[in-house]
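What follows is the residue order along each chain.
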Amino acid sequence: MANVSHPSGDITTHPDASEMRARYERMLGGRDVVLVDGPVFLLGLYCAVSPWIVHYTTSQPALVPHNLIVGIAIGLLALGFTAAPARMYGLSGAMCALGVWMIISPWIVGESPDAGVIWNNVVIGGLTLLLGLMCVATAAKSTPRS
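What comes next concerns the included structure.

Details of helix H5 (residues 92–108)
Working step 1: Across its 17 residues, H5 extends 24 Å between first and last C-alpha, which sits within 8% of the 24 Å expected from 1.5 Å per residue.
Working step 2: Along H5, the sharpest kink reaches roughly 35 degrees, centred on Met102 and followed within four residues by the proline Pro106.
Working step 3: Residues Ser92, Met95, Cys96, Leu98, Gly99, Met102, Ser105 and Pro106 constitute the buried set of H5.

Details of the nonpolar core
Working step 1: Membership of the largest hydrophobic core comes to 19 residues, with the highest contact counts inside it found for Val40, Val70, Leu77, Phe81, Tyr89, Met95 and Cys135.
Working step 2: Those elements that place two or more of their residues in this core are helix H2 (33–54), helix H3 (63–83), H5 and helix H6 (115–142).
Working step 3: With 5 residues, H3 is the largest single contributor of residues to this core.

Concerning unusual backbone geometry
Working step 1: Phi at His55 takes a positive value of approximately 65 degrees, unusual for a residue other than glycine.
Working step 2: Locating His55 in the fold gives a position in the loop between H2 and H3.
Working step 3: Assessed through its relative accessible area of 65%, His55 is described here as exposed.
Working step 4: In this structure, Ser112 takes a positive phi of about 40 degrees despite not being glycine.
Working step 5: Examined against the element boundaries, Ser112 turns out to sit in the loop between H5 and H6.
Working step 6: Judged by relative accessible area, which is 69%, Ser112 ranks as exposed.

Re the environment of Pro61
Working step 1: Here Pro61 lies in the loop between H2 and H3.
Working step 2: Measuring from C-alpha to C-alpha, the distance between Pro61 and Glu111 comes to 9.0 Å, with 50 residues separating the pair along the chain.

Observations regarding the environment of Val122
Working step 1: Of note, Val122 is situated in helix H6.
Working step 2: Residue Val122 is classed as partly exposed on the basis of its relative accessible area, which comes to 26%.
Working step 3: Separated by 20 residues in sequence, Val122 and Met102 have C-alpha atoms that sit 6.5 Å apart.
Working step 4: Apart from residues lying up to four places away in sequence, Val122 is in contact with Met102, Ile103 and Trp107.

Quick notes on the rules
- Residues numbered from 1 in each chain as written.
- Predicted model: local features only at pLDDT ≥ 70, side-chain atom pairs only at ≥ 80, totals over all residues.
- Heavy atoms only, no water.
- Helix = DSSP H or I, 4+ residues; strand = E, 2+ residues; numbered from the N terminus.
- Expected span 1.5 Å × (residues − 1).
- Bend = angle between axes of the 7 residues up to and from the residue.
- Buried < 20%, exposed > 50% of the residue type's maximum accessible area, 1.4 Å probe, protein only.
- Core = buried A, V, L, I, M, F, W, Y, C linked by side-chain atoms within 4.5 Å.
- Contact = heavy atoms within 4.5 Å.

Here you go:
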């Protein structure tokens, strides 16, 4: 049986170390995955279930499917940012647009919303806009200049 343990625990002498390092850097695209993608996914998840958490399913029935659909869209953007960052970070502007839409949606989709509904959607929208701007900045930073 072959001894596969390395005495020093250092992988830098491995014949494929430089290729693995280059592949890892290509995959990450020079960005911090955890900083943006995780919070975006959690925000989308909260947005999707917020009508039941804040309890406005009966007072604002039009906002229930609205928040569910927009929350799922935000969550899918986050999954896309994680799975295919090079292709998906071009949609960072769409996340900013979703944030602005969430801020104004209680007055457009809802019917005379109360303060809890307004605060819920404004906070979700503001955080979505902020994280979208962070994604735009990350995409701009990692895009090669010609």
